[in-house]
Amino acid sequence: AAYAELGFIVVMIEGRGLSRRNKAFFNDKDVKYPNGKNQLDRIAAIKQLARKFPYMDVSRVGVGEMISSCAALNGLLGHPDFYKVGVAHNPMSDLRVVSSFYADEVSRERFDSCVIKKSLEDYVGNLSGKLLLMHGMMDGTIPVAGTFRLIQALENANKDFDMLLLPNGGHFLPSYAKRRAMDYFVRHLLGVEPPKEFKL
């Protein structure tokens, strides 16, 4: 609702499933970065909505998430022709450094070697849009080490990106980070300079 008030058309498209599914669901090994989180489904849905509502501008699509998903990274790195701006907060970018209970209980991405052949850092060369990485350094569920690895890979690939580290930030998004995310989308998708240091 807050993003809609800023002038965006906002859609929330859930993935095909999370935890507590049957064995056949988890036997589907076609969950690979950077196309995890069913990005192809989401792109198809947004394009279909744009055909129904022609005022939607699919040349300016952003992707973000409240917490711990890697949807923004999967979008920007897997589909740079579609997604132009992304904000990632405490992104689960590399399951090798994520708390084991989290990846096992609440995500489709398992620790099976047949699924995790590469991490998102292997796809940073695809980045062409605007990316803001944010991470709370006190997050015990999604350690900042994964984001540091991603930052180093982006540097090695000579890619431009923006970064915000929150020294006392935990797993959840503080109001400061919410405001910075809003400012990022307003600046880079709407093309408007947001109010300076707006207080949420």
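These numbers were taken from a predicted model, which means no experiment stands behind them. Every chain is numbered independently, its residues counted from 1 as its sequence is written. Side-chain atom pairs in this predicted model are given and counted only at pLDDT of 80 or more, local residue features only at pLDDT of at least 70, and totals for whole chains, interfaces and linings cover all residues. No hydrogens and no water enter the side-chain calculation; it runs on all heavy atoms of the structure.

A.B. asks: Got a minute to help me understand the sheet that holds strand S2 (residues 83–89) in this structure?
C.D. replies: Working definition: the strands of a sheet are paired by backbone hydrogen bonds and lie parallel or antiparallel to each other. Within the open sheet, the four strands sit side by side as S1-S2-S3-S4. Their pairing is parallel. The sheet is open, and its two edges are formed by strand S1 (61–64) and strand S4 (162–166), each paired on a single side. For this sheet, the mean inter-axis angle between neighbouring strands, taken without regard to orientation, is 10 degrees. The pairing criterion is simple: DSSP has to find at least two bridges between the two strands. What counts as a helix is a DSSP run of H or I of at least four residues, what counts as a strand is a run of E of at least two, and both are numbered from the N terminus. Taken together, the five bridges between S2 and strand S3 (residues 130–136) define a ladder with parallel strand orientation. Residue alanine 88 lies in a different strand from S3, and its bridge partner there is leucine 133. Throughout, an axis means a line fitted to C-alpha atoms (over the contacting stretch in the case of helices), and angles, computed between N-to-C directions, take values from 0 to 180 degrees.

A.B. asks: I would appreciate a short explanation of the pattern of salt bridges in the present structure.
C.D. replies: Working definition: two side chains of opposite charge can pair if their charged atoms are close together. Each salt bridge in this description consists of a side-chain nitrogen of Lys or Arg and a carboxyl oxygen of Asp or Glu lying within 4 Å of one another. If you walk through the whole model with that rule in mind, you get five salt bridges. Its salt-bridge partner being aspartate 57, residue arginine 60 comes within 3.0 Å of it at the nearest N-O pair. Since its relative accessible area comes to 44%, arginine 60 is described here as partly exposed. Its relative accessible area of 35% is what places aspartate 57 among the partly exposed residues. The salt bridge involving glutamate 193 is made with arginine 187; its shortest N-O contact spans 3.0 Å. The exposure class assigned to glutamate 193 is exposed, which follows from its relative accessible area of 57%. Burial classes: relative accessible area under 20% of the type maximum marks a residue as buried, over 50% as exposed, and values in between as partly exposed (1.4 Å probe, protein chains only).

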